[in-house]
Amino acid sequence: MPDAPARAQALRAQIDDANYRYHVLDAPEIADVAYDALLRELIELEEAHPELRTADSPTQRVGAVQAGKFAAYEHIRPMLSLANAFDEEELRAFDERVRKLAGERDVAYVVELKIDGLSASLRYDDGRLSAAGTRGNGSVGDDVTANVRTVRSVPLRLRTEGEPPAHIDVRGEVYMRKSDFARLNARRLAEGREPFANPRNTAAGGLRQVDPQATAERSLSFFAYAVGAFEGATPPQSQWELLERLRALGFATNPHAQRCATIDEVIACTARFDRERDALDYDIDGLVVKVDDLALQEQLGAVGKDPRWAIAYKFRAREATTRLLDIRVNVGRTGTLNPYAVLEPVQIGGVTVQMATLHNEEHIERKDIRIGDLVLVVRAGDVIPKVVGPILAGRAADALPYRLPTVCPSCDEPVERLAGEVMARCVNWTCPAQRVERIRHFCTRGAMDIEGIGDTLAAQLVESELVRDVADIYALDRDRLATLPRLGEKTIGNLLAAIAASRARGLARVLYGLGIRFVGATNAAILAGDFGTVDALATASLEDLLRSDGIGEEIAKSVVAFFANRANTEVVARLRTAGVELTAPLRPREPVGPLAGKTIVLTGTLPTLTRDEAAELVTAAGGKVSSAVSKKTAYVVAGEEAGSKLAKAESLGIPVVDEAWLRETVGASER
Ligand code: IVH
């Protein structure tokens, strides 16, 4: 190589730039394959010329395994913590204190998201990352330099036009994106390893790994929001300007920071972000409100560890601990035993919670949740509250491990839990609880839509033995219904009309309503459209079923098993006699080919194919080309200079492939 040093330098600049665009600006400009090629070239070059290897080279993000404990990291200026405000009133009190000390003038604030990660201080000497430490007690933390270097949004070298500052401590939050967390857990599950509990703990644990490779695998991120010591450059005047400077130096700063002229504007932000927080790709637990003017910050100073110029506004907690009073069991439509917790009532985010799901027997066993334990309960948004696990410190000495009942709580028949399944089931087809659930499901909106038959009436119908299975619904009449308590003339009339109207819903809705295992609304529609009549479906072989697009082994087996059962075919026969429509319009068969049913997005410039040629290959192979990346996208074919679509694909975890892959998959040879 004639000019290896120059090439190494150029490669480093290109790789740093790509990293910066990807991890900081969130606007990548080159494809992964191109990035990998650059990195590989640099690695090879540095192997051939070890003297060219520098500490800030992008090849040096993952260092050697740490020997022994972390060294102490001393903060030149202490890392402060924050006092909390929990409501509007406390924010106004904070503002009043600030304005009083400022001489009763108007004070502007910067509102930032309070990222739920852990804070770190990064030291740059002459523009290079020289050390990094955790907060620790505010004066001394752990030296986690090797681990922080693996964080891609941390620049190893500052981006400066002229001279870098002689020394700067950049502070911010190390955190994990929800999408990275989901990807990591999916990988762990695939490897048969225990998934991590939440992004925050995974980030905190990640920073404390002795092997930087293990930290790198967690794909941590960093948002900068403050500086400690700052030497050799004119310091900024305001927090707002500080954030701008940090961005210019190559750091990611959170894009949602707001400058507010008054405390009223700050308060308006709190409601907005509490609403929008679930849509973010990282967890936040509140907002941080900071006096914008840095000179005023200095003047206000701190009381103990808490600065007077900033406050943390905490969102209402979405988790709480409470006592687990009892574990009870519901029987689901398919016989699953669904354990749920009866809790000592507790307020979570403004709602009283006294019941929560325990998922299944496996969850209770794995977390060793016992009756009488103090348990952690979470409620996120509108979802059902769930018991995360026990607080072991508070466990009574005589608490016994929980055992799910061995007989069904509804019918007393023995329950089964098959090897490899997390749910125990009651396999008694005539179990009253399952009957109730099957009838209720049959009547739901997505199935036969019989308004009026919900939880209560379904249970009454089964208990009174007016209805044993879904076909019996069509034998109901005025006289029979009148025997039930609290059913007036008018209600009965409406009910009978709803039952009559449901006869015409068609095969797809009936199939879904029958509650065949693994046959949800989508699969029911596919099967109805492909087979057209219930008889064709009932006599279909496993192979016939597997030919349907989207129907896999598990579903096909379940359908065959359903129609092999006499009790089921009898119900179907009685539905027919009752005049229920059991046919559906056949839909044209889906295209065939290696990409049948797959949606592909093309982005960037491909090495040899034009956009139209690539699209043609996709369609000829049965695929569909779409211009926007969504969860439905099967693959993104990326070329040179792929932009936001590539980033979107990465964030959704959609496989990104190149032209060679496309050619190989569709069987097209190289031109
Ligand atoms: S400013 C004195 N800004 O919250 C200034 N902190 O409760 C202290 N945090 O230890 C930090 N996002 O770990 C600041 N935008 C943000 C923050 C933030 C999260 C964390 C940080 C700190 C804790 C204080």
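In the block above lies the structure referred to throughout.
About the thresholds
- Per chain, residue numbering runs from 1 following the sequence as it is written.
- Note on the predicted model: pLDDT of at least 70 is required for a residue's local features to be given, and 80 or more for side-chain atom pairs to be given and counted; whole-chain, interface and lining totals, by contrast, use all residues.
- Note: side-chain values were computed over all heavy atoms of the structure, leaving out hydrogens and water.
- A run of H or I in DSSP counts as a helix once it spans at least four residues, and a run of E counts as a strand once it spans at least two, with each numbered from the N terminus.
- Buried means the residue's accessible area, taken with a 1.4 Å probe over protein chains only, is under 20% of the maximum for its type, while exposed means over 50%, and partly exposed covers the values in between.
- Only heavy atoms matter for contacts: two residues are in contact if any of them lie within 4.5 Å across the pair.
- Note on areas: these come from Shrake-Rupley sampling with a 1.4 Å probe, and a residue is covered only by the protein chains present in the view.
- What makes a residue near a molecule or strand is one non-hydrogen atom of that residue sitting within 4 Å of it.
- Pairs of N or O atoms within 3.5 Å make up the polar contacts considered here, provided that, within protein, one atom can donate a hydrogen while the other can accept it, and that residues adjacent in sequence are counted only when both atoms are side-chain atoms.
- By the convention adopted, Pro, Cys, Tyr, Trp, Phe, Met, Ile, Leu, Val and Ala count as nonpolar, Lys, Arg, Asp and Glu as charged, and the other residues, Gly among them, as polar.
- Strands were regarded as paired on the criterion that DSSP finds at least two bridges between them.
- The axes are straight lines fitted to the C-alpha atoms, using for helices just the contacting stretch, and the angles between their N-to-C directions are given from 0 to 180°.
- Note on terminology: angles under 35 degrees are roughly parallel, angles over 145 are roughly antiparallel, angles of 65 to 115 are roughly perpendicular, and the others are oblique.
- Left-handed describes a crossing whose near helix is turned anticlockwise from the far helix through less than a right angle; right-handed describes the clockwise counterpart.
- Residues belong to a common nonpolar core when they are buried Ala, Val, Leu, Ile, Met, Phe, Trp, Tyr or Cys residues joined through side-chain atoms within 4.5 Å.
- With the strands aimed away from the viewer, a crossover counts as right-handed if its path from the first strand over the helix to the second runs clockwise.
- Salt bridge, as used here: a side-chain nitrogen of Lys or Arg that lies within 4 Å of a carboxyl oxygen of Asp or Glu.
- To estimate how far a helix should reach, multiply one less than its number of residues by 1.5 Å.
- Directions are taken from the helix axis to each C-beta atom, and the arc is the one they span.

A. Structural view of the overall build of the protein. Scanning the protein for helices and strands turns up 24 helices and 24 strands. Summarising its shape, the C-alpha atoms of the protein cover approximately 90 × 70 × 50 Å along the three principal directions. Each of the 671 residues in the protein was classed as buried or not, and the buried ones make up 44%. Within the protein, contacts between residues at least 6 apart in sequence are counted, and of these 68% link residues at least 24 apart. Accessible surface, the protein as shown: approximately 33300 Å² in total, 51% of it carbon and sulfur.

B. Region of the structure containing the site of the ligand. Lining the immediate surroundings of the ligand are 13 residues, of which Glu112, Ile115, Glu173, Tyr225 and Lys290 lie closest. Between Glu112 and the ligand, the recorded distance is 2.9 Å, taken from a side-chain N or O atom to a nitrogen atom. A distance of 3.4 Å separates an oxygen atom of the ligand from a polar side-chain atom of Ser119. Protein contacts shield 87% of the accessible area of the ligand, which totals 520 Å² for the unbound molecule. Listed by contribution, the elements that provide at least two residues to the shell around the ligand are strand E3 (109-115) and strand E10 (284-291). The dominant element in the shell around the ligand, judged by the number of residues it contributes, is E3, at four residues. In terms of residue class, the shell around the ligand is made up of eight nonpolar, one polar and four charged.

C. The arrangement of the sheet that holds strand E24 (residues 656-657) in detail. Pairing is parallel across the open sheet formed by four strands, whose spatial order is E22-E21-E23-E24. Of all the strands in the sheet, just strand E22 (624-626) and E24 have a single pairing partner and so form its edges. Sheet topology note: the strand E23 (residues 633-638)/E24 ladder contains two bridges and is parallel. Across the sheet, Val636 pairs through a bridge with Val656, a residue of E24. Here helix H23 (residues 644-652) sits on the sheet in contact with strand E21 (599-603), E23 and E24, set at roughly 140 degrees to E21.

D. Structural context of the side chain of Arg277. Relative to the elements of secondary structure, Arg277 occurs in the loop between helix H9 (263-276) and E10. Leave out the neighbours within four places in its chain, and Arg277 touches Lys178, Tyr282, Ile284, Asp285, Phe315, Arg316 and Arg318.

E. Geometry of the packing of helix H16 (residues 507-514) against helix H17 (residues 521-531). Closest axis-to-axis distance for the H16/H17 pair is 8 Å, and the angle between their directions is 135 degrees. Compared by their axis directions, H16 and H17 come out oblique. Note that H16 runs across H17; the crossing there is right-handed. Contact residues: H16 offers Leu507, Ala508, Leu511 and Tyr512, while H17 offers Ala521, Ala524, Ala525, Leu527 and Ala528. Its residues assigned to classes, the contact of H16 with H17 comprises nine nonpolar, no polar and no charged.

F. Main features of unusual backbone geometry. Not every positive phi belongs to a glycine, and Asp412 is a case in point at roughly 70 degrees. Secondary-structure assignment places Asp412 in the loop between strand E18 (386-390) and strand E19 (415-416). Positioned with a positive phi, Glu465 is a non-glycine residue whose angle comes to about 60 degrees. Take Glu465: it is sitting in the loop between helix H13 (455-463) and helix H14 (478-482).

G. Region of the structure containing the nonpolar core. Core analysis: the largest hydrophobic core is formed by 52 residues, its most contacted members being Ile453, Ile473 and Leu575. Put simply, the parts of the chain that give this core at least two residues each are helix H12 (432-442), H13, helix H15 (489-502), H16, H17, helix H18 (534-538), helix H20 (553-564) and helix H21 (566-577). Those residues in contact with Ile453 that lie beyond four places of it in its chain are Ile439, Cys443, Ala458, Leu461, Ile473 and Leu495. Tyr175, Cys260, Leu280 and Ile311 belong to the second-largest nonpolar core, a separate cluster that totals 34 residues.

H. Local environment of the pairing of E23. Most of E23 is tucked away, with five of its six residues classed as buried. The pairing of E21 with E23 spans five bridges and is parallel. Paired with Thr603 across the bridge in E23 is Ala638. Handedness of the β-α-β unit built from E23, H23 and E24 comes out right-handed.

I. Structural view of the pattern of salt bridges. Applying the stated criterion to the full structure yields 46 salt bridges. Among the ionic pairs, Arg517 bridges to Glu421, the shortest N-O distance being 3.9 Å. Separated by 96 residues along the polypeptide, Arg517 in the loop between H16 and H17 and Glu421 in the loop between E19 and strand E20 (425-426) bring together distant segments of the chain. A relative accessible area of 24% means that Glu421 is categorised as partly exposed. Several salt bridges converge on common partners, so that one network encompasses Asp16, Asp56, Arg128 and Arg157.

J. Just helix H3 (residues 88-101), in detail. Over its 14 residues, H3 runs 20 Å from end to end, which matches the ideal 20 Å to within 8%, given 1.5 Å per residue. For H3, every residue scored as buried is listed here: Leu91, Phe94, Asp95 and Val98. Buried residues in H3, looked at end-on, bunch into an arc of 95 degrees, giving them a common side. Turned more than 90 degrees away from the buried face of H3 sit Glu89, Glu96 and Lys100, all of them exposed. In this structure, the buried residues of H3 make contact with strand E2 (84-85), E3, H9, E10, helix H10 (294-300) and strand E13 (310-314). Looking at the residues trailing H3, positive phi occurs at Gly103, about 90 degrees.

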